[in-house]
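Observations on the model geometry
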Amino acid sequence: PPPPPPPPPPGEEPLPVRTVAIRVRPDVLCGAVMDAVHHAFEILPKMCTTHVLKRQGGHLRGAVYNPDKQIAYVVDIQLCTQRNDDLERRLIVRFYHCQDDEEALLELGQILQQNQQCVPPSPQVVDREILGAASGNSIAIPANQSDLSSLSSTTGYAAKMMGAVVEENELLAKERAAANRHMKQACSLVQRLMAAQQQGGVKTLDIQKQKTWLGMGDGPYDSKGTMQEMIGNHLESNYKACPSVREENKKASPTIRRLTLPSLSAKDWPLLDASWTLTRHIVDELDTRDCTYNTLGTLPFGQFPSLPTLDVQYCSQLRRLSRENMITHLLKSAKELEDYATLAEYNCAVCITLLVPMLEFYGIPAPALPKAKALDEYPLDYVPPQQTCPPWGNLVMEALNQIAAKTPTGEINVEDAILLVYQAFTKQDDEEQGARLQRKNIQIMDRLANMQSHQKTLIQKIKDSHMESRQATESASIFLKSAQRAYNVGKDGYPSVLREEVPLLDFKISLGASKSGRCYITTRSILFTTTYIPILRSTSSILFDLSKVTFEVEENPTSSLLNPFPNTMNVVLKSSQQVVYSFRPAIGPDRLKTFVTIIQGLSDESSPSEYSQVVNDAQVVENRGVVAPDETQSEESYLI
């Protein structure tokens, strides 16, 4: 025979052959339920060898060996609460192959070895048992020669019984063959339906293909039985055995993996059949002790011998479910806050990354980045209710007392009792969720405040750098002269006031194959100076007030040698939504737009620096030999 499949790797839970869910009353002690389960092991047939591997709280794990069917299995039983609207209390019974649990296999083997070391029966007793088993009856076989006369009359009866056993075995064989044939046909039909589902479902297939899959042919048929026989033969001829749950692995195709049906597997159905005995005993014991949910019809909720309120183990699982829901919503809300903070910090980081090189250019030392505080460093303004009123909290204890007061008179049913306790847990968890979200919000606000403060500090250092840096002073002077020579003086978008400001950002731009230049951004304005390459010293400039314009990014094809800056940015007037200027920046347009947006926001909040030089009087500009802001000239007139 082929070697058995290897056990599942560590950490991978084996698949159960059968899973049974039995609904249990919530007013029954956990110990009473598990006692009924343990007793079900004890009342199995004497020929079965049972061994309880573990019993702790609402969990029991045991092993069973049935010598009659030559099969061993492991059963794992847990008392759980289902995640649904009714919060049903269920006893989950799972049956596994014994080979999937090495510990159970070892302990069960030791017990069987100890049983085999018992004193064997005498040969005469063995012969009598063999003959009795062959005839299917308990026949008294004489041990002495004086009893031969009685044996002759018994032998005829035994021969008749042997014939009856043979006929019964033949009938059982025919029934089993018919059942196996039906199971093969059903399995083949399920496989075909699942294959069709991968192609959009059976309804999407045409009629002819459906007939081909079912083996119906063209028809017509003489009778319904003839059609069923033809389809059954076709399905049986295309049958593929379902894999065992122990053979289910990643190598199997998705269809076969989803089609792991133990009842249609030759290696799983014997265990499936053997598990019925223990399942029946467990259900009978629970019914006898009024533990199943259906006994509420004969024994009302909270009536003796049941508890007058909910079981402690069930309440602990309700608390766990409520807390898991709270944690899920808490993580979701915290993630939204974290995503918002991450985006804001990224925008600040973009701004800081562009400002630091300018500080180095001006010779100004950059301040250190602020360190963010961990969430645990912030105090949590919350005291768990379990500390003030153990073990569940004040609201839950009030709900349990209210249930205990109403159950003797039947004023409350089981559904309302469960809902009352669960809502009490939910209210307590909502208070904790609010406190933790408030602490997280404080941390997020501090992080954003620190980053924005650092960002403003960098901008302010650059604005005031002309008092300490000669390079900054020269850059501010060049910016003012270029701004005064702008060809859009007096037009919409031009600043109403000119200032001698130190540029926050200076980078290259391109306006085409023969026109390039630079862009200067201050806290209030953006200046473009361009040069025509064929004409020497042909320079022009244009200036915009950041509060009067917006920016748009046009995504273009990838860069090339002839087009190194592919993406285009448009300057749009807020008043008319008209594009008044387009350029291609040497830096990423998305980063540039983020930077400009931040500067625009800060310009609305910040007041002018005490060192800023404001140019309000047009006469001052004229005395310097520069065209006044109120004069309007064409772009060509500014070519030098």
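In short, a report on the structure. Sequence order as written defines the numbering, with residues in each chain counted from 1. Reporting of local features is limited, given that this is a predicted model, to residues whose pLDDT is at least 70; pairs of side-chain atoms are given and counted only at 80 or more, and all residues count toward the totals for whole chains, interfaces and linings. Water and hydrogen atoms were dropped before computing side-chain values, which therefore reflect all heavy atoms in the structure.

Some points on the nonpolar core
Put simply, the rule reads: In this text, buried Ala, Val, Leu, Ile, Met, Phe, Trp, Tyr and Cys residues form a nonpolar core when linked through side-chain atoms within 4.5 Å. When a residue's accessible area, from a 1.4 Å probe over protein chains only, is under 20% of the maximum for its type it is buried; when over 50% it is exposed; and in between it is partly exposed. Numbered from the N terminus, helices here are DSSP runs of H or I no shorter than four residues, and strands are runs of E no shorter than two. Here a residue-residue contact requires only that any non-hydrogen atoms of the pair lie within 4.5 Å.
Counting 42 residues, the largest nonpolar core has Ile521, Phe528, Tyr581, Phe583 and Phe595 as the members making the most contacts within it. Of all the elements, helix 9 (residues 312-362) adds the most residues to this core, at nine residues. Once you skip the residues sitting within four places of it in the chain, Tyr581 turns out to touch Tyr487, Ile509, Leu511, Phe528, Thr530, Ile542, Phe544, Met569, Asn570 and Val571. If you look at the next biggest cluster of nonpolar residues, it comprises 32 residues, including Cys30, Cys48, Leu60 and Val245.

Some points on the environment of Leu318
Its place among the elements puts Leu318 in helix 9. Taking the C-alpha atoms as reference points, Leu318 and Val421, separated by 103 residues in sequence, lie 8.1 Å from one another. Among all residues touching Leu318, those that are not within four sequence positions of it are Thr81, Leu87, Leu310, Val421, Tyr422 and Phe425.

What about helix 9?
Keep this limit in mind: Every helix has an expected span of 1.5 Å times one less than the residues it contains.
With 51 residues, helix 9 should cover 75 Å at 1.5 Å per step; its first-to-last C-alpha distance of 71 Å lies within 8% of that length. Count one or two residues on from helix 9 and you reach Gly363, which has phi positive near 75 degrees.

Some thoughts on the side chain of Gln455
You can see Gln455 is positioned in helix 12 (residues 414-463). Dropping the residues within four chain positions of it, Gln455 is found in contact with Asn347, Cys348, Cys351, Leu355, Ile598 and Leu602.

A few points about helix 8 (residues 269-288)
Our working definition: Note that the bend at a residue is defined as the angle between axes fitted to the seven residues ending at it and the seven residues starting at it.
Under the 1.5 Å per step criterion, the end-to-end length of helix 8 is 29 Å for 20 residues, consistent within 8% with the ideal 28 Å. By the largest-angle criterion, Trp276 marks the main kink of helix 8, which is about 30 degrees. Here helix 8 has its buried residues at Leu271, Leu272, Ala274, Ser275, Leu278, Thr279, His281, Ile282, Glu285 and Leu286. Elements that come into contact with the buried residues of helix 8 comprise strand 1 (18-23), helix 1 (30-42), strand 4 (71-81) and strand 5 (89-97). Downstream of helix 8 by a residue or two, Asp290 has a phi angle that is positive, lying close to 55 degrees.

Some details on a negative patch on the surface
So the rule is basically this: Surface patches are drawn from residues lacking salt bridges whose relative accessible area is over 30%; two like charges belong together within 9 Å, two nonpolar side chains (Val, Leu, Ile, Met, Phe, Trp, Tyr) within 5 Å. Note on areas: these come from Shrake-Rupley sampling with a 1.4 Å probe, and a residue is covered only by the protein chains present in the view. By convention in these notes, a salt bridge is any Lys or Arg side-chain nitrogen within 4 Å of a carboxyl oxygen on Asp or Glu. Note on charges: Lys and Arg go in the positive column, Asp and Glu in the negative column, and His and the chain ends are not counted at all. The atoms used to mark charge sites are NZ of Lys, CZ of Arg, CG of Asp and CD of Glu.
On the surface, Asp85, Asp86, Glu415 and Asp416 cluster together to form a negatively charged patch. Along the polypeptide, Asp85 turns up in the loop between strand 4 and strand 5. When its relative accessible area of 79% is taken as the criterion, Asp85 is described as exposed.

Quick notes on the sheet that holds strand 10 (residues 539-545)
Using the following cut-off: Two strands pair if DSSP finds at least two bridges between them. Axes here mean lines fitted to C-alpha atoms, for a helix over just the part in contact, with angles spanning 0 to 180 degrees between N-to-C directions.
Pairing in this open sheet of seven strands is antiparallel, and the strands run 10-9-8-7-13-12-11 from one edge to the other. Edge positions in the sheet fall to strand 10 and strand 11 (549-554), since each has one partner strand and no second. Strand-to-strand twist across the sheet, computed as the mean angle between neighbouring axes with direction ignored, equals 30 degrees. Pairing of strand 7 (residues 505-510) with strand 8 (residues 515-521), which is carried by six bridges, proceeds in the antiparallel orientation. Across the sheet, the residue bridging to Ile509 is Gly517, located in strand 8. Strand contacts of helix 13 (residues 470-484): strand 8, strand 9 (525-532) and strand 10, with the helix running at about 75 degrees to strand 9, the strand carrying the most contacts.

Thoughts on the pairing of strand 7
With two bridges joining them, strand 7 and strand 13 (residues 579-585) adopt antiparallel strand pairing. Bridge pairing in strand 13 places Ile509 opposite Pro585.

Some words on the sheet that holds strand 3 (residues 59-66)
Read across the open sheet, the five strands follow the order 1-5-4-3-2; overall the sheet is antiparallel. The sheet is open, and its two edges are formed by strand 1 and strand 2 (49-56), each paired on a single side. On average, adjacent strands in this sheet sit at an angle of 15 degrees to one another, irrespective of strand direction. Contacting strand 2, strand 3, strand 4 and strand 5, helix 1 crosses the sheet at an angle of about 10 degrees to strand 3.

A short note on unusual backbone geometry
Along the chain, Phe304 connects to Pro305 via a cis peptide bond; the corresponding omega equals 15 degrees. Topologically, Pro305 is positioned in the loop between helix 8 and helix 9. A cis amide bond links Pro390 with the next residue in sequence, Pro391, at an omega value of 0 degrees. Examined against the element boundaries, Pro391 turns out to sit in the loop between helix 10 (385-388) and helix 11 (394-406). Within the chain, Leu87 stands out as a residue other than glycine whose phi angle is a positive 50 degrees. On the secondary structure map, Leu87 appears in the loop between strand 4 and strand 5.

Some words on the packing of aromatic side chains
Any aromatic ring pair is given by two values, namely how distant the centres are and how the planes are angled relative to each other. So the rule is basically this: Each aromatic pair joins two rings of Phe, Tyr and Trp (for Trp, the six-membered one) with centres within 6.5 Å, and gets the label stacked for planes under 30 degrees apart, edge-to-face for over 60, and tilted for any other angle.
All told, the structure shown has eight aromatic pairs when counted by the stated rule. Ring plane angle 65 degrees and centroid distance 5.6 Å describe the contact between Tyr73 and Phe95, whose orientation is recorded as edge-to-face. Pair noted here: Tyr73 is in strand 4 and Phe95 is in strand 5, with a separation of 22 residues, a long-range link. By relative accessible area, which is 0% here, Phe95 ends up buried.

Things to note about the side chain of Thr295
Applied cut-off: Think of a polar contact as two N or O atoms within 3.5 Å of one another; within protein, one of them needs to be a possible hydrogen donor and the other a possible acceptor, and neighboring residues in sequence only count if both atoms come from side chains.
The topology assignment puts Thr295 in the loop between helix 8 and helix 9. With relative accessibility at 7%, the residue Thr295 sits in the buried group. At 3.4 Å, the side chain of Thr295 forms a polar contact with the side chain of Arg25. Setting aside residues no more than four positions away along its own chain, Thr295 makes contact with Arg25, Asp287 and Asp290.

Focus on the packing of helix 1 against helix 8
The criterion, for reference: An angle below 35 degrees is read as roughly parallel, one above 145 as roughly antiparallel, one from 65 to 115 as roughly perpendicular, and any other as oblique. A crossing counts as left-handed when the near helix is turned anticlockwise from the far one by less than a right angle, and as right-handed when that turn is clockwise. Each residue is assigned to one class: nonpolar for Ala, Val, Leu, Ile, Met, Phe, Trp, Tyr, Cys and Pro, charged for Asp, Glu, Lys and Arg, and polar for all the others, Gly among them.
For the pair helix 1 and helix 8, the least separation of the axes is 8 Å and the interaxial angle reads 140 degrees. Judged by the angle between their axes, helix 1 and helix 8 are oblique. Read as a crossing pair, helix 1 and helix 8 show a hand that is right-handed. Of the residues in helix 8, those in contact with Val33, Ala36, Val37, His39, Ala40 and Phe41 of helix 1 are Leu278, His281, Ile282, Glu285 and Leu286. Residues of the contact of helix 1 with helix 8, tallied by class, amount to eight nonpolar, two polar and one charged.

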